[in-house]
Amino acid sequence: MRIGVPKETKTLEGRVALVPAAAGDLVQRGHEVWVESGAGIKSGFEDEQYARLGVQIAPDAAALYEKGEMIVKVKEPIAGDLEHLRKDHLLFCYLHLAAEPALTRRLLDIGLTGVAFETVELPNGDLPLLAPMSVIAGKIGVQVGTHYLHQPMGGKGVLLGGLPSTSRGKVVVFGAGKAGGASAALAAAGGANVTVFEMRPDRMDEMMRLGPNVTALYPYADVVAREVASADLVVGAVLVTGAAAPKVLSREMLAAMAPGSVLVDIAIDQGGCFETSRPTTWKDPVFTEEGVTHFCVTNMPGAVPQTSSQAICATILPWVNKLASDRDWRNDPALLRGVNVEAGALVHPALQNMKV
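Residues numbered from 1 in each chain as written. Predicted model: local features only at pLDDT ≥ 70, side-chain atom pairs only at ≥ 80, totals over all residues. Heavy atoms only, no water.

## Comments concerning the overall build of the protein
So, step 1. Assigned secondary structure in the protein consists of twelve helices and 15 strands.
So, step 2. Relative to a compact globule of 356 residues, whose C-alpha radius of gyration would be 21 Å, the protein shows 21 Å and is just as compact.
So, step 3. Along the three orthogonal principal directions, the C-alpha set of the protein runs to about 65 × 45 × 35 Å.
So, step 4. When each of the 356 residues of the protein is scored for burial, the buried share is 56%.
So, step 5. When contacts within the protein are restricted to residue pairs at least 6 apart in sequence, those whose partners lie at least 24 apart make up 64%.
So, step 6. Surface exposure of the protein reaches about 14,900 Å², of which carbon and sulfur atoms provide 53%.
So, step 7. Taken as two groups, the 32 positive and 38 negative side-chain charges of the protein have centres that lie 1 Å from each other. (Helix = DSSP H or I, 4+ residues; strand = E, 2+ residues; numbered from the N terminus. Rg over C-alpha atoms; globule rule 2.2 N^0.38 Å. Buried < 20%, exposed > 50% of the residue type's maximum accessible area, 1.4 Å probe, protein only. Contact = heavy atoms within 4.5 Å. Areas by Shrake-Rupley, 256 points an atom, 1.4 Å probe, with all protein chains shown as cover. Lys, Arg positive; Asp, Glu negative; His and termini not counted. Charge placed at Lys NZ, Arg CZ, Asp CG, Glu CD.)

Here it is in structure tokens:
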């Protein structure tokens, strides 16, 4: 199959879907791989590194999409990408369609088959292609939140880990999956007092084992309101596979927080889990509501493209090969769950009632 890897076009997005070694591996397996010129530069990979491994270099996006039968990218297609997509394309990338009705409508009109990384789901419910970026986003969430707590950035001037003679900072995390768990682990390792809200007992137990400065609680509304009011940093990492994220923090709860506190919404790709969230970019990453700084960047792992590209590529490569090599890939239940749109129809159950 002819596999096309375009340059990412989202604001300050530096990732590339296939690093040279992976693209070369696909060439060795008999596929024809095309990479748009410059697609890997922000991740530290030059065109020559791809070419040495038998990968073809397309001069621009138009040529890349023309050559490709399967398009493998990282983020959802935006305006420029959509102009090049065709009905016969198999699109494999993050889509997050529940939060993107306009994009969904365009993909339905094009009529292509769109398989979303984030809904490829194993029988046990694990989301293997979402996991590595979730971990990175979880870590970035705490790093960024710490930065915006600094007084010169408009924060309340709290050092999360504290030190002798001072109080520790407080971090509240919603969700103890891959992203929330990574946030809680980093915040706890830095010395903060951490409260994690989670509904699954096994995950609550996992969070408690992070250390004596971590508390895991069931998200009863009054408990959530109490804990959020005294938090310095709140991280939202709530996920419902393929669906819009539930709102776990209201404007009323936000108003009870101290000015200069920080919210980081990792769930923003799926619409956000805070009532006051709205998507931002790395170019203009924050805004303030009720005196609280909101960080809601929709491609958080794109800030560390070298790490992110290596991580996502190692995870998606076997699935790329399966889609490209196996005419019966639809017999794989995990990949079948990944199909979001096909032939002008919404396929994934979480999107069935979506208005587009």
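Next comes the rest of the write-up.
## What to know about the sheet that holds strand E9 (residues 214–217)
So, step 1. The sheet built from seven strands is open, its strands ordered E9-E8-E7-E10-E11-E13-E12 with mixed pairing. On the outer flanks of this sheet lie E9 and strand E12 (286–289), each paired with one strand and no other. When the angles between neighbouring strand axes are averaged without regard to direction, this sheet yields 20°.
So, step 2. In this structure, E12 lies alongside strand E13 (residues 292–295), joined through four bridges in antiparallel fashion. (Pairing = 2+ DSSP bridges. Axes fitted to C-alpha atoms, helices over the stretch in contact; angles between N-to-C directions.)

## Some details on the side chain of serine 308
So, step 1. Looking at the element boundaries, serine 308 is found in helix H11 (residues 305–325).
So, step 2. The class of serine 308 is buried, set by a relative accessible area of 0%.
So, step 3. Setting aside residues no more than four positions away along its own chain, serine 308 makes contact with Arg15, Met133, Ile136 and Pro301.

## A closer look at the sheet that holds strand E1 (residues 2–5)
So, step 1. Reading across from one edge, E3-E2-E1-E4-E5-E6-E14-E15 is the order of the eight strands in this open sheet, with mixed pairing throughout. Strands at the two margins of the open sheet, each flanked by one partner only, are strand E3 (56–58) and strand E15 (345–346).

## What to know about helix H1 (residues 20–28)
So, step 1. Restricting attention to buried positions, one finds in H1 the residues Pro20, Ala22, Ala23, Gly24, Leu26 and Val27.
So, step 2. In the core, the buried residues of H1 are packed alongside E1, strand E2 (32–36), helix H2 (47–51) and H11.

## Topic: the side chain of lysine 73
So, step 1. Mapping lysine 73 onto the fold places it in the loop between strand E4 (70–72) and helix H4 (79–82).
So, step 2. Apart from the residues lying within four places of it in its own chain, the contact partners of lysine 73 are Pro6, Glu8, Ala17, Tyr65, Asp81, Leu91, Phe92, Cys93 and Phe117.

## Let's talk about unusual backbone geometry
So, step 1. For glutamate 290, which is not glycine, the phi dihedral falls at a positive 55°.
So, step 2. Relative to the helices and strands, glutamate 290 resides in the loop between E12 and E13.
So, step 3. Glutamate 290 sits in the partly exposed class, given a relative accessible area of 40%.
So, step 4. Positioned with a positive phi, alanine 343 is a non-glycine residue whose angle comes to about 50°.
So, step 5. Along the polypeptide, alanine 343 turns up in the loop between strand E14 (339–342) and E15.
So, step 6. What makes alanine 343 exposed here is its relative accessible area of 61%.

## Looking at a nonpolar patch on the surface
So, step 1. Taken together, Met199, Tyr218 and Tyr220 make up a surface patch of nonpolar side chains, about 340 Å² in accessible area.
So, step 2. By the secondary structure assignment, tyrosine 218 is in the loop between E9 and helix H9 (221–229).
So, step 3. By relative accessible area, which is 34% here, tyrosine 218 ends up partly exposed. (Patch = residues over 30% accessible without salt bridge, like charges linked within 9 Å, V, L, I, M, F, W, Y side chains within 5 Å. Salt bridge = Lys/Arg side-chain N within 4 Å of Asp/Glu carboxyl O.)

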